[in-house]
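If you want the building blocks of each chain, they are given just below.
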Amino acid sequence: MTGLALGRTGAYVAVMTEFSALDQRDGLPDALRVLLAEYPRDIWQSHRNFDGLTRFWLERHLMFRQALDRLRSEAEAALDGRMDPDRYRQNTARLAGFFLNQLHGHHMIEDHHYFPQLSALEVPLARGFEILDADHHMLDGHIQGLADQTNAMLRAETAGFTTATGTLHGALAGFEGFLDRHLVDEEELVVPVILKHGSSLEG
Ligand SMILES: [Fe+2]
Ligand SMILES: [Fe+2]
């Protein structure tokens, strides 16, 4: 990304900033992966500081992945005629409401409670928590869009059901890529910090 910064001469000059937007990156910048190199994913579960908080965090992420996978695959089943439209609507109304509310709440807790504490524990990685916070704002915009598209599908007349379901399916599939990128990067930033410092975060 190109941004503007005030140069020494007082003139605005173009500067390159980190390529960090959620929809444009394929991982965190190397400078933010130094702790991950010391605490690679394959040793997490056996580390003495892998405890309740880390386990809970990873389980929440798995639950979000599974819920989104089910929402997308059931949209496919409805589009292919493998699932009754009424049953699809009932399942989706319940699961989408749960998923979108829980995910938004999860972002709020991370931004306001956990990230400030983790960032203070490992100051060189503070930029990483800013990137994750920015991800949440982008994802929350998509959450609103998904809620709108879910409602459009739920309210669609029979003639418009396939189109509305197809639109929702496309949005879910796109969101899956963004969410997975965010969850992987977040896990690889957060878990090494907890393993290094212990999970003595305020509850
Ligand atoms: Fe997050
Ligand atoms: Fe998270």
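Rules behind the numbers
Residue indices follow the written sequence of each chain, beginning from 1 at its first position. Chains carry letters and ligands carry numbers; both start at the beginning, A for chains and 1 for ligands, and go up in the order they are written. Two thresholds apply to this predicted model, a pLDDT of at least 70 for residue-level local features and 80 or more for giving and counting side-chain atom pairs, whereas whole-chain, interface and lining totals are computed over all residues. Under the scheme used here, helices are H or I runs from DSSP no shorter than 4 residues and strands are E runs no shorter than 2 residues, and both carry numbers assigned from the N terminus. Around each residue's C-beta, the other C-beta atoms within 10 Å are counted; 20 or more make the residue buried, 12 or fewer make it exposed, and counts in between make it partly exposed. All C-beta atoms are placed from the backbone. One nonpolar core equals one set of buried Ala, Val, Leu, Ile, Met, Phe, Trp, Tyr and Cys residues connected by C-beta atoms within 7 Å. Working definition of a contact: two residues with C-beta atoms, positioned from the backbone, lying within 7 Å. The axes are straight lines fitted to the C-alpha atoms, using for helices just the contacting stretch, and the angles between their N-to-C directions are given from 0 to 180°. We call two directions roughly parallel when the angle between them is under 35 degrees, roughly antiparallel when it is over 145, roughly perpendicular when it lies between 65 and 115, and oblique otherwise. Definitions for this section: a left-handed crossing has its near helix turned counterclockwise from the far helix by less than a right angle. A right-handed crossing has that turn clockwise. Only Asp, Glu, Lys and Arg are considered charged, only Ala, Val, Leu, Ile, Met, Phe, Trp, Tyr, Cys and Pro nonpolar, and every remaining residue, Gly among them, polar. pLDDT runs from 0 to 100 and stands for how confident the predictor is about each residue. Helices are assigned an expected span. That span is 1.5 Å times one less than the residue count. Think of it this way: the bend at a residue is just the angle between two axes, each fitted to seven residues, one set ending at that residue and the other starting at it.

> If you had to explain the overall build of the protein to someone new, which residues and values would you point to?
Within the protein, the secondary structure is distributed over five helices and two strands. For the protein, the succession of helices and strands along the chain, N to C, is β-β-α-α-α-α-α. Put simply, the protein has 203 residues, and 22% of those count as buried.

> I'd like a description of the nonpolar core, backed by residues and values.
Judged by nonpolar contacts, the single largest core of 15 residues is most densely connected at Leu189, Val190 and Val193. The set of elements that each furnish at least two residues to this core consists of helix H3 (85-121), helix H4 (126-155) and helix H5 (161-197). The element best represented in this core is H5, accounting for six residues. If we skip the residues at most four places from it in the chain, Leu189 touches Leu28, Leu32, Leu125, Gly128 and Leu132. Core analysis: the second largest hydrophobic core is formed by 14 residues, Ala78, Phe99, Leu172 and Leu179 among them.

> Describe in detail the packing of helix H2 (residues 52-79) against H5, supporting the description with residues and values.
The interhelical angle for the contact between H2 and H5, taken along N-to-C directions, is 165°, at an axis separation of 9 Å. What the angle tells us is that H2 and H5 run roughly antiparallel. The crossing of H2 and H5 is left-handed. Within the contact of H2 with H5, the residues separate by chemical class into 18 nonpolar, six polar and six charged.

> Could you give an account of the confidence of the model for the protein, naming the residues involved and the relevant values?
On average, residues of the protein score 90 in pLDDT, and 90% of them are at 70 or above. Considering only residues more than four positions removed or in separate chains, one finds that residues 1-17, a stretch of pLDDT under 50, has 14 contacts.

> Pulling in residues and values, what's your account of the environment of Thr163?
Along the polypeptide, Thr163 turns up in helix H5. Along the chain, Thr163 and Met153 lie 10 residues apart, while their C-alpha atoms are 8.4 Å from each other.

> Run through the packing of H4 against H5, naming residues and quoting values.
Running from amino to carboxyl end, H4 crosses H5 at an angle of 160°, the nearest separation of the two axes being 10 Å. One element, H4, and the other, H5, form an angle in the roughly antiparallel class. For the pair H4 and H5, the crossing hand works out as left-handed. Residue composition of the contact of H4 with H5, by class: 13 nonpolar, eight polar and three charged.

> Can you lay out H3 for me, pointing to particular residues and giving the numbers?
Taking 1.5 Å per residue, 37 residues should reach 54 Å; H3 reaches 50 Å between its end C-alpha atoms and fits that length. The largest bend along H3 reaches roughly 45° and is located at Tyr114, with the proline Pro116 sitting one to four residues downstream. Listed as buried for H3 are Tyr88, Thr92, Ala96, Phe99, Leu100, Leu103, Glu110, Phe115 and Leu118. As for H3, its buried residues are in contact with H2, H4 and H5.

> Explain the environment of Leu154 to me, and be specific about the residues and the numbers.
As for its placement among the helices and strands, Leu154 is situated in helix H4. The sequence separation of Leu154 and Gln90 amounts to 64 residues, and the corresponding C-alpha distance is 8.7 Å. Excluding residues that lie within four positions of it along the chain, Leu154 makes contacts with Arg89 and Ala93.

> Describe H4, naming the residues involved and giving the relevant values.
Compared with an ideal rise of 1.5 Å per residue, which puts 30 residues at 44 Å, H4 spans 44 Å between its outermost C-alpha atoms and is within 8% of the ideal. Along H4, the residues that are buried comprise Gly128, Phe129, Ile131, Leu132, Asp135, His136, Leu146, Thr150 and Met153. Buried residues in H4 make contact with H3 and H5.

> I'd love a proper account of the environment of Gly166, names of residues and values included.
Along the chain, Gly166 falls in helix H5. A tally of 14 C-beta atoms within 10 Å means that Gly166 is categorised as partly exposed. Expressed as a C-alpha distance, the spacing of Gly166 and Ala78, which sit 88 residues apart in the sequence, is 9.5 Å.

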